[in-house]
Structure formats: structure tokens, C-alpha cells
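Working through the structure, step by step
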Amino acid sequence: MSANEALAARLHEMSQLMDLLGIDSFRSSAHARAARAIESQSTDIALLASDRKALLAVEGIGPKMADKIIEFCKDGKIKEHAELLEQVPQGLLQLLDIPGLGPKTIRIMWQDGKVTDLAGLEKSIADGSILSLPRMGAKSVEKIKQSIAFIKQQGGAGGDGAAPKRLWIGVAQPIADRVVALLQKAGDPGLKVAFAGSLRRGKETIGDIDILAAPRTPDEAGRIMTAFCKMPGIIGVLVSGDVKASVRVGLEGEFGRWGNETVGSGGGIQMDLKMVPPDSWGAAMMYFTGSKEHNIAMRERARKRGLTLTDYGLFPEDDPDKKLGPPHSRGIKSICPADTEEALFKALEVAYAHPETREDLGEIGWKQTPHLIELPDIKAELHAHTTASDGRMSIEELAENAKARGFHTIAVTDHSQSSAVAGGLKVDRLLEHIENIRKASAKVKGITILAGSEVDILADGQLDYPDDILAKLDIVVASPHAGLSQDPITATARLLRAIENPYIHILGHPTGRQINKRPGLSPDMAKLYAAAKLHNVALEINTHWIRLDLRDIHIRGAMEAGCLLAIDSDVHETVDFDNLRYGILTARRGGVTPDRCINTWDSRKLHAWLNRKRK
Ligand code: DGT
Ligand code: CA
Ligand code: CA
Ligand code: ZN
């Protein structure tokens, strides 16, 4: 966990503790807002907190909050947090891990039902006493029961209080693709079926997979439901009804080098299916794509215009207190077509926001939709390994693969001498390798093969080959591999020194983080962006789903600072090329336009740019 994540989690918990204690909701939501603000900061919080003014400039952080943040950075804790914690039974916090149970409901269970932990909650369900609590019907109790079963299976809440693990996008996506295809086949031709939720927004980790389908007849709906609940790979059906179901499916597939990483994720992922009427497809996709924050802001926008936005369409607001039930259920018609998202955006006079940008980070005020990068824009792979170091392909195989993807350029960038475990090349072997690359290049037609290296950035920022050797390479990707627990100030100096080297083109996986595994470096990103821009170095978006480094919020910062980006798959074996889609999603989340990504440039422009550092 990075310092930012740790602080955000702490503030988020403070907000939940306040809700549990019934402290006024204004203070609680101020803490929740501050937590979100810190999560989306690309600068390490310790650096930010060293300048109170910079901290106060962050939207969502006022003077009192700033003091708490500074206290956290100095002492590693917040006194008020400890005081809140003392007033709440330890076991209640466990209950917060149960999906669908919020602090306000838990407060009622505690105050009125004397529930103080999971065992107490299970008991009150078993003896039926929970039903005497306000707003607790048989249906909501059944939901809670299912959620408890689910979370126990996931290894959360069972006592260690650990939240269930979110799954890498690269593991969730192939499962979703398979299920979408399966449901398509179960329905009649032309059936609308798609994944929504965090997966459609391209988030780096996925809590559960949300699938929508729009059957046109009850018979078609029945076939879809059966196919979903009986599909191969199912390990449990949690809920099943006429129009929705939740199941758990096992993990599957070929995960390449990091295949064993999926062990420990509870062995599966939850998948929700929701069936919706075809004429409200757009409204349903919009609602279930989220994010929750985006939805709330869109609904607020509708409300200000005297309208109600639901998952069925856009309606005149006739029931502000929500007493009459959803408008569509009362025969009221949507004021605009609701079968596409575009129609709804238009009716609300909001520029269309691509799913990857729906996080309530300003997209609702856009004058026009940005032209975001797309997969077919990518024309070159500039970070790839061969059997000379730790890759699985020869130079020629690699080049043929790249050519098959329609690329005009492939860069061979094997590891440098200090990466001994990855078969890094000593200088004499590198020189020989360059010769081999030139020979392969003469043989394989129709693609340019560049002789490069992925050069280690040593702990002090020196590169792993002397300058006269770097000068012989067409392209240099410099990346940190070791010493990834350095403090932010040392890490900043290290990466800046690498960027200043006159031979480097790309800063590879700049932080070295690995999702769910290690936080990596937390350099001062603003300084990194400025230096990269000044020295004409592209910052990499490494597309492997375990890295996705730079991450979305960093990319956003780099775009705002005017940097160039490189979207590279760090290819070791054929399947790695397929990770490009995750890099593109992440890039789009960061607002990357094609012109700013060097992999989209035509061959002439790209090679001219590379050569500028070789004269
Ligand atoms: P995840 O599953 O944790 O990776 O994240 P999501 O975004 O897929 O969240 P999920 O599966 O709980 O819900 C799917 C979408 O449904 C979510 O993005 C927005 C919508 N949604 C769910 N709950 C709420 C809610 O309480 N309020 C609003 N406005 N929208 C919600
Ligand atoms: Ca989801
Ligand atoms: Ca869901
Ligand atoms: Zn590499």
C-alpha cells in the first residue's frame, strides 16, 4: 500500500466510524471526500504535506483536514482516528466488509439490536430478532445472509477483517468476454449483451463482473438465465431470479509469466447478470457502468433540470421524496429515447463521456468529448525481450509477431548487465546482440527492427551501461528493477538523474509497482513530468495487467504537464501482445490523445524523434 492509499484508507475509516457513531453527516462526508481527493493525487502525500499551501490547494482539503494529514505524515497516525476507534466495538468494523451493508444500517443493528460483531449478526438472523429492526424485511435479511456467505468464502471478514481481494483486469476480462459470447449464443440473433461496471470503465482491478442483457421475449430471457446459471466454470449460484442472478466463477486461462499470482484471490470472482428491456438499454448501461460517483453527479444534473435519471430512462421529476415508486413502473415515459447512452447524454446537454472517463473527475463539465487513443492507433512496440535475456522468442519470431499485428517498428530491448536473474547482457554480449539484430533486420522484410536495450536504472540513478555503449543503440528504455523501497526523495533524485541522461528515450514502468503485490516507488511525479518534458523523454505505460505503470492518475498528470507517453507491452512471449488492450484502457482513463503517444506516430516521425538523441 502506498502512503496515499494508507492515508485515504484511514480517512475513509474515520468517515465510517463517524457514521457508525451517528456524528453529523457533514463531518463524515468531508472525510470521505478528502479520502477520494488523496486517492486521486499523483504526488506522494508526504511530499505534498511538506508544503501546507500546496495541500490546501487540493480540492476537498480544508485547514482542519490539512492538519490531520500533516499529523499522519509526521506521526504515522491521527489522534482523532484513535479516539473514534475507542468508541466503537472492534467487531463492528468487520461488518463493514459485508457487501451491501453500510455504516448507517450497522449503526441501527448496534444501537437497537445490540449487535457488536459478525457472530452477533448471524445470531440475530438465525433467531429472527433482526426482523424487528427498522427497515429490515425478509428480503434484505436474505441479501445480508448471502453476502455473509460470500465474504466468508472470499476469505474476508471471517475474523481477520481483510477486505476481499480485487482481481486484476487481465484475469477478469477474458472471463467476461467468454460469458458475453456464451449468452449471445443462448439468445436469438441481434441480442444486446455486454459487460458494464468497473470492467467497462477499464479499472486496473475488478471487484465483480457486471453483465447486462436485453432479451426480447420471455423465452429468450429464460434461455439466457439458464445458460448463465449453468455455464462451465461455475462454482456457486448466490442469487437467481427472473431478471437477475449472481454467480461465482472459477479463474481460468493462460496468464503467462505471472500465472501463479492468481492463487490467493479466493479462487474465483463474482459475476452479476441483469436483464433489462431493450428500449432502456442505454439507461441501464449508463447506470451499471457507473462509476457510482459519476452516476450521482449525472442524477444531480438531471435534478437541476427538473428531471429524474434512472436505469430506465430520463423522466419528468414528479416525486422528489421518492414515495411513489420508480416512474417507469407508473407508466410514465422517458422524455428522450433511452436505448442508447448517447441520447441520454444529449438530453442532459452533457458531452458524451467515454466509459473510462466516468469517475466524476470533471467529465460532466466538458464542452466536447476528447479524442482518446484507441487500440488500432498503435503502430509500434518499443519494449520487447528475446531469448538473449528472459524472453521466449528469437529476434525473428518477435519481429514476425509484431508484423502480424500490423506494426511498422519493433524494438528489441533485452535486459542490461545488472539484471542478472533476467539474463542481462554484459557489454560484449550486447555488442554481439546488436550484430544479430542487424542480421535479422536484413532478413525480415516489412518491419523495422531497432537495436535497443532495457537498461537498469541503478539505485543512484546511473544507467547500467556507459554512455559510449548507449550511443550505439537505436533506442534506450531505462527502468527501475531493484531498490524499489527507496523513500520518495531518493527515488525522485534517482529517476530525475536517469531522465537527464542524453541517450534515454523512454522511462520504463516508472514506479516499478506491481498491483496487489508491491507499491513500488513514490517519486515526486510533478518533478518527473517536468523533467521528462524538458529532456524529451516519453513516460511508459507498461501494459502488463500486473504493472499498468504509469497508472491512470499518473497518466492524467503527465498529460496535463504536456509529456509524451509510450504504450508498450514489455513483450516476453506472444500472449503479452494481447495486453495492449489494458494499456489502452488505462491510457484512456488518463485522457491520452493519439498525438501524445509515440507508438501511434508513423515510421518517419518516430525514427526522426529517436534519432534526435543520436547526433
Ligand atoms: P467493482 O465491482 O467494485 O469493481 O466496481 P463497480 O463500479 O463495477 O461497482 P458495482 O459492481 O458495485 O456496481 C456496478 C455499477 O452500478 C456501479 O459502477 C454504479 C452502479 N451502482 C451500484 N451501486 C450504486 C449506488 O448505490 N448508487 C449509484 N448511483 N450507482 C450504483
Ligand atoms: Ca462490478
Ligand atoms: Ca456488481
Ligand atoms: Zn522489460
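Rules used in this analysis
Residues numbered from 1 in each chain as written. Chains lettered and ligands numbered in written order. Predicted model: local features only at pLDDT ≥ 70, side-chain atom pairs only at ≥ 80, totals over all residues. Heavy atoms only, no water. Donors = N, O, S within 2.8 Å, 3.2 Å for Na, K, Ca; no water. Helix = DSSP H or I, 4+ residues; strand = E, 2+ residues; numbered from the N terminus. Buried < 20%, exposed > 50% of the residue type's maximum accessible area, 1.4 Å probe, protein only. Core = buried A, V, L, I, M, F, W, Y, C linked by side-chain atoms within 4.5 Å. Contact = heavy atoms within 4.5 Å. Domains from an automatic or database assignment. Buried area = accessible area lost by both parts, 1.4 Å probe. Salt bridge = Lys/Arg side-chain N within 4 Å of Asp/Glu carboxyl O. Polar contact = N/O pair within 3.5 Å; in protein donor to acceptor, adjacent residues only side chain to side chain. Nonpolar A, V, L, I, M, F, W, Y, C, P; charged D, E, K, R; others polar. Near = heavy atom within 4 Å. Areas by Shrake-Rupley, 256 points an atom, 1.4 Å probe, with all protein chains shown as cover. Arc of directions from axis to C-beta. Pairing = 2+ DSSP bridges. Axes fitted to C-alpha atoms, helices over the stretch in contact; angles between N-to-C directions.

All right, on to the coordination of the calcium ion (ligand 3) then. Around the calcium ion (ligand 3), the protein contributes the donor atoms D208 (OD), D208 (OD), D210 (OD) and D272 (OD), which lie 2.2 to 2.7 Å from the metal centre. Read in sequence order, the donor residues coordinating the calcium ion (ligand 3) give the pattern D-x1-D-x61-D. Separating the calcium ion (ligand 3) from the calcium ion (ligand 2) is a distance of 3.8 Å, and D208 supplies a donor atom to each of them. You can see D210 sitting in strand 4 (residues 209–214) and its partner D272 sitting in strand 7 (residues 268–275), a full 62 residues away along the chain. Here D210 matches D272 in class, with each residue buried.

Generally speaking, nonpolar side chains in soluble globular proteins are found buried as a group. Core analysis: the largest hydrophobic core is formed by 61 residues, its most contacted members being I449, L539, L565, I567 and V592. The contact partners of L565, leaving out residues within four places of it in the chain, are A538, L539, I541, L550, I555, A558, M559, V592, R596, C597, I598 and N599. By size, the runner-up hydrophobic cluster in this structure holds 45 residues, among which are L21, L48, I78 and V115.

Its domain assignment divides the protein into domain 1 (3–158), domain 2 (167–275), domain 3 (283–365) and domain 4 (375–612). Centre-to-centre, using C-alpha coordinates, domain 2 lies 25 Å away from domain 3. Listed by partner, the interface residues are 10 residues for domain 2 and 14 residues for domain 3. Between domain 2 and domain 3, the buried area comes to about 960 Å², and carbon and sulfur atoms account for 55% of it. By the criterion of area lost to domain 3, the three top residues of domain 2 are R200, R201 and L212, representing 66% of everything that side buries. For the pair domain 2 and domain 3, the interface holds two salt bridges. We note a salt bridge from E341 to R200, for which the minimum N-O separation is 2.9 Å. Our count for the domain 2 to domain 3 interface comes out at five residue pairs in polar contact (both at pLDDT 80 or more). Among the elements that take part in the side of domain 2 that touches domain 3, strand 2 (residues 192–195) stands out by supplying three residues, more than any other. In terms of residue class, the side of domain 2 that touches domain 3 is made up of four nonpolar, one polar and five charged.

Close contacts around ligand 1 come from 16 residues, with R166, S198, G207, D208 and R299 the closest. Between ligand 1 and G207 there is a distance of 2.7 Å, counted from an oxygen atom to a backbone nitrogen or oxygen. Between ligand 1 and D210, the relevant distance is 3.1 Å, taken from an oxygen atom to a side-chain nitrogen or oxygen of the residue. Expressed as a share of its isolated accessible area of 590 Å², the protein-covered part of ligand 1 is 71%. Those elements that provide at least two residues to the shell around ligand 1 are helix 12 (197–200), helix 14 (281–289) and helix 15 (292–304). By residue class, the composition of the shell around ligand 1 is three nonpolar, seven polar and six charged. Both domains that meet at the shell around ligand 1, namely domain 2 (167–275) and domain 3 (283–365), each give it at least three residues.

Moving on: helix 9 (residues 118–126). Within the span of helix 9, buried status applies to L118, L121, S124 and I125. Looking straight down helix 9, one finds that the buried residues subtend no more than 125° of arc, so they occupy a single side. In this structure, helix 9 carries A119, K123 and A126 as exposed residues pointing more than 90 degrees from its buried face. Two residues or fewer past helix 9, G128 is found with a positive phi of approximately 80°.

Our next topic: the environment of D524. Considering the arrangement of structural elements, one finds D524 in the loop between strand 14 (506–507) and helix 21 (525–534). Since its relative accessible area comes to 11%, D524 is described here as buried. Linking D524 and Q184, residues 340 residues apart in sequence, is a C-alpha distance of 47 Å. Those residues in contact with D524 that lie beyond four places of it in its chain are T43, L47 and T492.

This part takes up the sheet that holds strand 10 (residues 380–381). The strand order across the open sheet built from seven strands is 10-11-12-13-14-15-16, with neighbouring strands paired in parallel fashion. Each of the sheet's edge strands pairs with one partner strand only, and the pair in question is strand 10 and strand 16 (565–568). For strand 11 (residues 409–415) and strand 12 (residues 448–456), the ladder comprises seven bridges, and the chain directions are parallel. Directly across from D414, in strand 12, lies its bridge partner S453. The sheet strands contacting helix 24 (residues 603–611) are strand 10, strand 11, strand 12, strand 13 (475–479) and strand 15 (538–542), and the helix crosses strand 12 at an angle near 40°.

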